[in-house]
Amino acid sequence: MIRRSTWLGSHGVLTHCFLIDIVPSVKVLSLVAQICLGLAASVLTAAQFQAHAQSTGAAEWPTGSFDQQRDGWQRNESKITVDNAKNIRLLWKLKTDNKAMGMQSFREPIIVAGVNAAGGPKTLAILAGSSDDVYAVDAASGALVWQKHMKWASDKPEEPGQGAGFICNNALTATPVVTPAGTAQRFAYVLGNDGYLRTLDLTTGDEPDAPIKMLPAPYGKAYGLNLANNIVYTVSGQGCHGVPNELYAVDLATKKAFNSTPPQGGIFGTAGPAIGADGTIYFETGDGVYDVATGKLTTTVEAYTSSNDSLTLKDYYTPSNHEWLTKRDLDMNTTPVVFPYQGRDLLVGSGKEGRYFLMDSKSMGGADHLTPLYRSPLVSNKNVNFQTEGTWGSFASWESPDGTRWVLAPIGGPVAVDFPISYGPTPNGGIIALKLKDSAGKMELTPAWLSRDMMTAEPPVVANGVVFVLAAGEFTAQADDVLGGLFSYESRIKHSIPAKLYALDAMTGKELYSSGDQVTSFLHQAGIAIAGGRVIFGTFDGTIYCFGLE
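Residues numbered from 1 in each chain as written. Predicted model: local features only at pLDDT ≥ 70, side-chain atom pairs only at ≥ 80, totals over all residues. Heavy atoms only, no water.

1. Points about the nonpolar core
Applicable threshold: By nonpolar core is meant a set of buried Ala, Val, Leu, Ile, Met, Phe, Trp, Tyr and Cys residues that side-chain atoms within 4.5 Å join together. Throughout this description, buried means an accessible area under 20% of the type-specific maximum (1.4 Å probe, protein chains only), exposed means over 50%, and partly exposed covers the range between. By the criteria applied, helices consist of DSSP H or I runs no shorter than four residues and strands consist of E runs no shorter than two, each listed in order from the N terminus. Should any heavy atoms of two residues lie within 4.5 Å, those residues are counted as being in contact.
With 43 residues, the main nonpolar core has Ile80, Ile88, Phe468 and Phe537 as its most contacted residues. At 4 residues, the largest contribution of residues to this core is made by strand S40 (residues 543-548). The residues contacting Phe537, other than those within four sequence positions of it, are Pro109, Leu127, Leu470, Leu501, Val519, Leu523, Gly527, Ile528, Thr543, Ile544, Tyr545 and Phe547. Val337, Val379, Val415 and Leu434 belong to the second largest nonpolar core, which has 22 residues in total.

What follows is the structure, encoded as structure tokens:
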């Protein structure tokens, strides 16, 4: 009798493939040898990961979720590996004077190499704070290189206080973006609370150009800025302060701002819009009126083209049960992830419902706009919970050296399907890993592993075979079942707990590192950036942390 062992090696491959309870026959031994050899061949060393993924140029993190496609895959990391991740430690932390607004504090950092700041070339981590302050920090030492407070540019006055509830805070909510490496002069672009886009000098934080009005009114709750072909894009969510939920753009050459119409349901994927290899712009819309004739495409994944300072709807996919999703407040609320596959882009979207949609960029929803390449079964949110479960924020996607395409997503509660590798129940959620499977052109996303339980997992990032994820510690419940109505942001802050940084084996989800109790505050949609062996993020109390290897 052959009994399979249950313990894993350092790369998630069975170290002892089988335990043999009786003396086996030659045929059985041959079978066992073949299986073990096959498993051994799948062991992927750190060197293989690096050789497969590495691109040219210095390690940077230039935009939300790393790139225009929002795949969260750092291709230039070489210092941190699956084998040495256990040695990660806190390298530095910096307490700033950033003023939190509601639950908002910092956005995801961007990391820029080779900046000729005071004292010579530096790699800078640049973080936008909720109160219109921008901080540039030396990634090596944690020293503050410059700080910029963006002066109010709108003719509408600043509002006192922190805003209405936890939804529409008077806070900067868009992750900045930087000019691509290799351009003659590089700048950081930051969207302020006043709705104006700033151009900041990377060396000093000075503004060489006048601000450009990007949103029609202040406090519009825009999300991650994206930059393609010299045009900056963002989306706005939840109609805060009367700003329509639309795709917004600024042409940096003409200084002209333009936007999509008509307004949609809330567009609140935290990484903002994703952009495909051909320049197509993708985003998801939340609850609202659905009327194709008038262009109201709520609870939908939309694709736009940009040309001559105008935005045009190109294609869309709407889940067939969109009416039910709207009734149950199960918004499509993530930034889709885009990746190349056999000569075209594929993309994956999801939302509160807990299903995953695989779409072909050539025809997202088929002739009826209701039929994607693949619609998964319910993966999470068996409880039909509109406030804490399902998938939120954005994704990560990477390709392992054996050519397998992976998609990773944060979830907010228990799973509804079995995963081949699991590290126990996830009452608070965690990270799931799915594999793209192509059987003679029939594609699906199959479960691969489920991480340990995490309190409010933020979107993961991948670097050199390691998955990094923040358990934000945020209390995300919205409806107060005891007192009625919605929780105030003060109450949600009170119920939140300190965040934890985890490093996981990307092939198996096995925990390689945890920061334990070293982080002393929670975070809300802050996100992490990684470059040069350093993982950087900010927390609600205004502290910037850097973990990594020397």
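2. Re empty space enclosed by the protein
Spelled out, the test is: In the cavity and pocket records, a cavity denotes points on a 1 Å grid over the protein atoms alone where a 1.4 Å probe fits but cannot get out, a pocket denotes an open set with protein on both sides within 12 Å along at least 5 of 7 lines, and lining residues are residues with an atom within 4 Å of a point. Grid points are joined across faces, edges and corners, and a volume is the space filled by probe spheres set on the points. Note on residue classes: Ala, Val, Leu, Ile, Met, Phe, Trp, Tyr, Cys and Pro are nonpolar, Asp, Glu, Lys and Arg are charged, and everything else, Gly too, is polar.
Within this structure, the stated rule accounts for 4 cavities of 30 Å³ or more. Taken as a whole, the largest cavity holds about 170 Å³ of empty space. Looking at the largest cavity, it is lined by 18 residues, and the ones nearest its centre are Glu108, Thr270, Ser394, Pro459 and Gly527. Here the residues of the lining of the largest cavity are counted per class, giving 8 nonpolar, 7 polar and 3 charged. By volume, the second largest cavity is sized at about 80 Å³. Surrounding the second largest cavity, Ala171, Leu172, Thr173, Ala174, Leu191, Gly192, Asn193, Leu215, Tyr219, Gly220, Lys221 and Ala222 form its lining. Here the lining of the second largest cavity is built from residues that sort into 7 nonpolar, 4 polar and 1 charged.

3. Re the layout of surface pockets
Quantified by volume, the largest pocket comes out at close to 770 Å³. Partitioning the lining of the largest pocket into residue classes produces 15 nonpolar, 13 polar and 7 charged.

4. Quick word on the sheet that holds strand S34 (residues 461-463)
Strand pairing in a sheet relies on backbone hydrogen bonds. The paired strands run either parallel or antiparallel. Under the convention used in this document: Between any two strands, at least two bridges found by DSSP are needed for them to pair.
Taken in spatial order, the 5 strands make up an open sheet running S3-S34-S35-S36-S37, and their pairing is mixed. Looking along the sheet, the strands with just one partner apiece sit at the ends: strand S3 (73-74) and strand S37 (511-514). By the bridge criterion, 3 bridges tie strand S36 (residues 500-505) to S37 in an arrangement that is antiparallel. By the bridge assignment for S37, Leu504 is matched with Glu511.

5. A word on the side chain of Asn226
Condition: Nitrogen and oxygen atoms within 3.5 Å of one another constitute a polar contact, given that in protein one can donate a hydrogen and the other can accept it, and given that sequence-neighbouring residues count only through two side-chain atoms.
Here Asn226 shows up in strand S15 (residues 226-228). Among the polar contacts listed, one links the side chain of Asn226 to the backbone oxygen of Gln68, at a separation of 3.1 Å. Setting aside residues no more than four positions away along its own chain, Asn226 makes contact with Thr63, Gln68, Arg70, Ile231, Val232, Tyr233, Pro273, Ala274 and Ile275.

6. Looking at the state of the cysteines
Applied cut-off: For this text, the term disulfide refers to a pair of cysteine sulfurs within 2.5 Å.
For the structure shown, the criterion picks out 1 disulfide. Shown here is the disulfide that connects Cys168 with Cys240, its sulfur atoms set 2.0 Å apart. With the S-S dihedral at roughly -80 degrees, the linkage between Cys168 and Cys240 falls on the left-handed side. Of this pair, Cys168 sits in strand S10 (residues 168-169) while Cys240 sits in the loop between strand S16 (231-235) and strand S17 (247-251), and the two are 72 residues apart along the sequence. Across the pair, exposure class does not vary: Cys168 and Cys240 are buried alike.

7. Observations concerning the pattern of salt bridges
Rules: Whenever Lys or Arg places a side-chain nitrogen within 4 Å of a carboxyl oxygen from Asp or Glu, that contact is recorded as a salt bridge.
Scanning all chains against the criterion turns up 15 salt bridges. We note a salt bridge from Asp71 to Arg75, for which the minimum N-O separation is 2.6 Å. Asp71 sits in the buried class, given a relative accessible area of 3%. Ionic contacts of the salt-bridge type, sharing partners, join the residues Lys148, Asp194, Arg198 and Glu207 into one network.

8. So, the environment of Pro157
Looking at the element boundaries, Pro157 is found in the loop between strand S8 (144-149) and strand S9 (163-164). Take Pro157: its relative accessible area is 64%, and that puts it in the exposed class. For the pair Pro157 and Pro218, spaced 61 residues apart in the sequence, the C-alpha separation amounts to 8.9 Å.

9. Topic: the packing of aromatic side chains
Put simply, the test is: What counts as a ring pair is set by centres within 6.5 Å for rings of Phe, Tyr and Trp (its six-membered ring), and what kind of pair is set by the plane angle: stacked under 30 degrees, edge-to-face over 60, tilted for all other angles.
Per the counting criterion, the structure on display carries 11 aromatic pairs. Taking the centre distance of 5.3 Å and the plane angle of 55 degrees together, the rings of Tyr317 and Phe357 count as tilted. Remark: Phe357 occurs in strand S27 (residues 356-360) and Tyr317 occurs in strand S24 (residues 310-317); sequence separation between them is 40 residues. Note on accessibility: Tyr317 and Phe357 belong to one class, buried. Summarising the aromatic geometry, the rings of Trp398 and Trp406 are spaced 5.6 Å apart at their centres and angled 20 degrees between planes, so their arrangement reads as stacked. Across the pair, exposure class does not vary: Trp398 and Trp406 are buried alike. Among the aromatic side chains, those forming a connected cluster through ring pairs are Phe537, Tyr545 and Phe547.

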